[in-house]
Amino acid sequence: MAEPMVEVFIYETRQFLEQLEQIALGSEENGGFSVDDVNEIFRAMHTIKGSAAMMMFDEVSTLAHSVEDIFYYIRELHPQKVDATAITDIVLNAVDFIRIEMDKLDNGGQPDMSSQELRDYTKNFLREMKIANGDDPDIDLRKAKNANAAKKKPKQYYIGAAKTPEPGEAAAGEGKKEDGIHVFAATIFFQEGCEMEEVRAFGVLNNLKEKVIEIHNLPEKILEDDTAVDTIKSLGFRIFFTAKMDYDEVKKELDQTIFMEKLELKELSSTAECEYWPTPETVAINAMENTEPIKPELPPVSERPEPMAPPPPPVAGSRTPVHHGEGAQMISVRVDKLDKLMDLVGELVIAEAMVTQNPDLAGLELDNFQKAARQLHKINGELQDSVMALRMVPLEGTFKKMNRIVRDMTKKLGKKARLVLVGEETEVDKNINEHISDPLMHIVRNSIDHGIEMPEVRLDAGKQEMGTVTLSAENAGGEVVIKIKDDGGGLNKEKIMERARKNGLLAKPEAEYTDREIYSFIFAPGFSTKEKVTEFSGRGVGMDVVVSNIKTLGGNVVVDSEPGQGSTTTIRIPLTLAIIDGMSVSVGGSSFTIPITSISRSFRPEEGQIFQDPDGQEMIMVQGKCCPVVRLYDMYKIDEAITEPSEGIVLLLEAGEKTFGVLADKLLGVQEIVVKPVPQYISKLMNTTGISGCTLLGDGSISLILDPQMLHNMIYS
């Protein structure tokens, strides 16, 4: 099996699975399946069935076929008694099964689970639904429809006209023999009960397509014609083709057909002997008549693999793609190619700094060089913006996945809640979008499990029976702010403090803890206020994953809560992790870089402006607010640094809601920095050093990147 073909199969199937999940959840919420929903689900399942059959993943294919049968019945007979919730369960269970199989395939394994139990349940459900609606459960609706269509439709006979040879050209049969081209007629009969004969016939055509010169088949429209299955079962699948292969080679090729019961193969003297061989004009006319423009909604370009087949069709009610002009075109690009391009742009930024800030140029008056350098910087900036735009993807897909979390949890816990999405069109870097999914999942689960009360409790408290979890996102400068808010009972401070006391997490007197500091204990490893372990909580894992993942992204997370009114978790993450603006400072002979978005101001302090509090912590008063100050030379044991604050520079940094100052020798200037990972032996110590990475400066020296959040944690620990 060709690797690109597997890639595209996985990609397209996952796209369909996401569509199926969202359509099913939306239909359940609306209380039933609309005509568009039924058609969309039927078409998606039909495509998955066919693709999986061609890839020989029969468990996936047969499961999709059984779910497709339910929607075929709904589409054709419009039953009145339809249990939307039960059907949604069937669709979601099938989606979960296929998704697990796709993950195995993506990781180099093979789909190996049996879908028999799900198929049996689906078939029994369909049978019960037919009985409930007064229909005969033993009648195959497809066969009945095809039989009626066959009665109304007169039989068509195809008589191929012999091609008139050009002057000087031999007769068709003789010419093909002389040129080594052979004409074949083959009829394939599939095993009884193999199911999906039309898909297997399409697979035969697909396998032969690249190995023959010209090929035609009866029935003509295999997948589109409802009568095709019955025709293939009764008359066999008939194919007529020309090829340079001889009889033995063709037979060997066709003998590999899966579920084939019998093969009838004949070599003919010319195409005139074929039962069906249309003229080139007929083929062209049929192609024009049968072609419909495909206008699918394309996913973000950074998430699409190289094209091999059309992407899945758009979901009803989904966002309409923006058309940039009459002649706008779109192509698919592999993600790893975009990553490589981003790396090259990063190296270009470093190379530009090395050229324009070369120490050998110090003191030289080079007007033409400076003009060229400014032009280079302008072009590099535009190139960087363009590449960044390619990598930016909306949070919509990640946000919509949370619908499933809310639906499953409320159903199992007996609660009632809905998810409201705000600002899902907000865009972030592809890598951030991929890593934010797990933290959001844990926080949403926590909101449903710990926040939203049982319906009777909410009614007693004067609230609506249905709880609300709001997931919102917005841009704020160079950051994205994501908030998860619920209208539940809020966090219990006393209970959290009691658990923190038992776990030995208190580092100062209890009276000195602010509400936000108390709430932050829920992110501690092994922390849980649940006395009983359940499927969703009680083990003390999950929320600590949130903090570690958010910190990996260079962000921070805080929790606010109001008793009886609910809680709000706020996540702040940078728009991108690749290239950021940073302020470089010197401390002795060392250089450090601080993200510019974390710096509120910088100034030279006056003598005596920095003082010590009773605990020995140095503080500075700025605009009526007292902030702690850290001397970088003291923290990192750097010699020959400026020790007198009035001779150095204080930079005020913001980490979440906290503000603190760092003392450095001098500012080296603002520049675009490319974040490089630190060596592995250093990364183990990063949590205790406040260093998140490193970058190269224009003179080729290495500058360590300081993480304001880590520095803040070190100060307050």
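Computed from a predicted structure; not experimentally measured.

Asker: Help me understand the pattern of salt bridges, please; the structure alone is not making it clear to me.
Answerer: Opposite charge on two side chains lets them pair, provided their charged atoms get close. Scanning all chains against the criterion turns up 35 salt bridges. Notably, a salt bridge pairs Lys411 with Asp89, separated by 2.3 Å at the nearest N-O pair. Of this pair, Lys411 sits in helix H14 (residues 396–413) while Asp89 sits in helix H4 (residues 84–106); the two residues are 322 residues apart in sequence, bridging distant segments of the chain. A residue is classified by how much of its surface remains accessible, and Asp89, at 21% relative accessible area, is partly exposed. For Lys262, the salt bridge is made with Glu264, and the minimal N-O distance between the two is 3.5 Å.

Asker: What is the right way to look at the sheet that holds strand E2 (residues 214–218) in this model?
Answerer: One key point about sheets: their strands pair by backbone hydrogen bonds, in either a parallel or an antiparallel sense. Pairing is antiparallel in the open sheet, where four strands are placed in the order E2-E3-E1-E4. Since the sheet does not close on itself, it has two edges, and those belong to E2 and strand E4 (260–268), each with one partner. Averaged over neighbouring strand pairs, the angle between their axes works out to 15° when direction is ignored. Here E2 runs beside strand E3 (residues 237–243); their pairing, made up of five bridges, is antiparallel. Bridge pairing in E3 links Asn217 to Ile239.

Asker: I would appreciate a short explanation of the pairing of strand E13 (residues 590–595) in the present structure.
Answerer: Two faces, one strand: in a regular strand the side chains alternate between the faces of the sheet. With respect to burial, E13 is a largely interior element, five of its six residues being buried. In this sheet, E13 lies alongside strand E12 (residues 579–587) in antiparallel orientation, the contact comprising six bridges. Counterpart to Ser584 in the pairing with E13 is Thr593. Bridge count between E13 and strand E22 (residues 702–706): two bridges; the pairing is parallel. Bridging across to E22, Phe592 finds its partner in Leu704.

Asker: Just checking my understanding: could you explain helix H3 (residues 58–77) for this structure?
Answerer: An α-helix turns once every 3.6 residues. As a result, residues three or four positions apart point the same way. Taking 1.5 Å of rise per residue, the 20 residues of H3 would be expected to cover 28 Å, and the 28 Å separating its terminal C-alpha atoms lies within 8% of that figure. With respect to burial, H3 is a largely interior element, 15 of its 20 residues being buried. Directly beyond the C-terminal end of H3, a positive phi value near 50° is found at His78.

Asker: Just to check I follow, could you spell out the environment of Leu20 for this structure?
Answerer: Note on placement: Leu20 falls in helix H1 (residues 3–30). Since its relative accessible area comes to 1%, Leu20 is described here as buried. Placed 68 residues apart in sequence, Leu20 and Thr88 show a C-alpha to C-alpha distance of 9.7 Å. Residues in contact with Leu20, not counting those within four places in the same chain, are Ile41, Ala44, Met45, Ile48, Val91 and Val95.

Asker: Is there a simple way to explain the packing of aromatic side chains in this structure?
Answerer: Each aromatic ring pair is specified by the distance between its two centres and by the angle formed by the two planes. On inspection of all chains with the given rule, the structure shows six aromatic pairs. A centroid spacing of 5.5 Å and a plane angle of 80° characterise the contact between Phe33 and Phe71, whose relative ring orientation is edge-to-face. Residue Phe33 is located in the loop between H1 and helix H2 (35–54), and its partner Phe71 is located in helix H3; the two are separated by 38 residues in the primary sequence. For the pair Phe33 and Phe71, one class covers both residues: buried. Across the ring face of Phe42, the terminal group of Arg75 is positioned such that the distance to the ring centre comes to 4.2 Å. Its end group placed over the ring of Phe189, Lys262 keeps NZ or CZ at 4.8 Å from the ring centre.

Asker: I keep staring at empty space enclosed by the protein and nothing clicks. Help me out?
Answerer: A probe as big as a water molecule, rolled over the atoms, marks out the empty space that is left. Tallying each qualifying case throughout the model produces two cavities of 30 Å³ or more. Taken as a whole, the largest cavity encloses approximately 120 Å³ of empty space. Put simply, the parts of the chain that give the lining of the largest cavity at least two residues each are helix H16 (437–451), strand E9 (479–486) and strand E11 (566–574). Residue contributions to the lining of the largest cavity peak at five residues, all from H16. The residue makeup of the lining of the largest cavity, split by class, is six nonpolar, seven polar and one charged. Here the second largest cavity is characterised by a volume of approximately 50 Å³. Considering the residues around the second largest cavity, the lining is formed by Leu63, Val67, Ile90, Asn93, Ala94, Leu118, Tyr121 and Thr122. At the level of elements, H3, H4 and helix H5 (116–132) are the ones that each hand at least two residues to the lining of the second largest cavity.

Asker: Where do I start with the side chain of His712 in this structure?
Answerer: Take His712: it is sitting in helix H24 (residues 708–716). Dropping the residues within four chain positions of it, His712 is found in contact with Ala655, Lys658 and Phe660.

Cut-offs and rules
- Residues numbered from 1 in each chain as written.
- Predicted model: local features only at pLDDT ≥ 70, side-chain atom pairs only at ≥ 80, totals over all residues.
- Heavy atoms only, no water.
- Salt bridge = Lys/Arg side-chain N within 4 Å of Asp/Glu carboxyl O.
- Helix = DSSP H or I, 4+ residues; strand = E, 2+ residues; numbered from the N terminus.
- Buried < 20%, exposed > 50% of the residue type's maximum accessible area, 1.4 Å probe, protein only.
- Pairing = 2+ DSSP bridges.
- Axes fitted to C-alpha atoms, helices over the stretch in contact; angles between N-to-C directions.
- Expected span 1.5 Å × (residues − 1).
- Contact = heavy atoms within 4.5 Å.
- Phe/Tyr/Trp six-rings, centres within 6.5 Å; stacked < 30°, edge-to-face > 60°.
- Lys NZ or Arg CZ within 6 Å of the ring centre and 35° of its normal.
- 1 Å grid on protein atoms, 1.4 Å probe; cavity = no way out; pocket = protein on both sides within 12 Å on 5 of 7 lines; lining within 4 Å.
- Points joined across faces, edges and corners; volume = space filled by probe spheres on them.
- Nonpolar A, V, L, I, M, F, W, Y, C, P; charged D, E, K, R; others polar.

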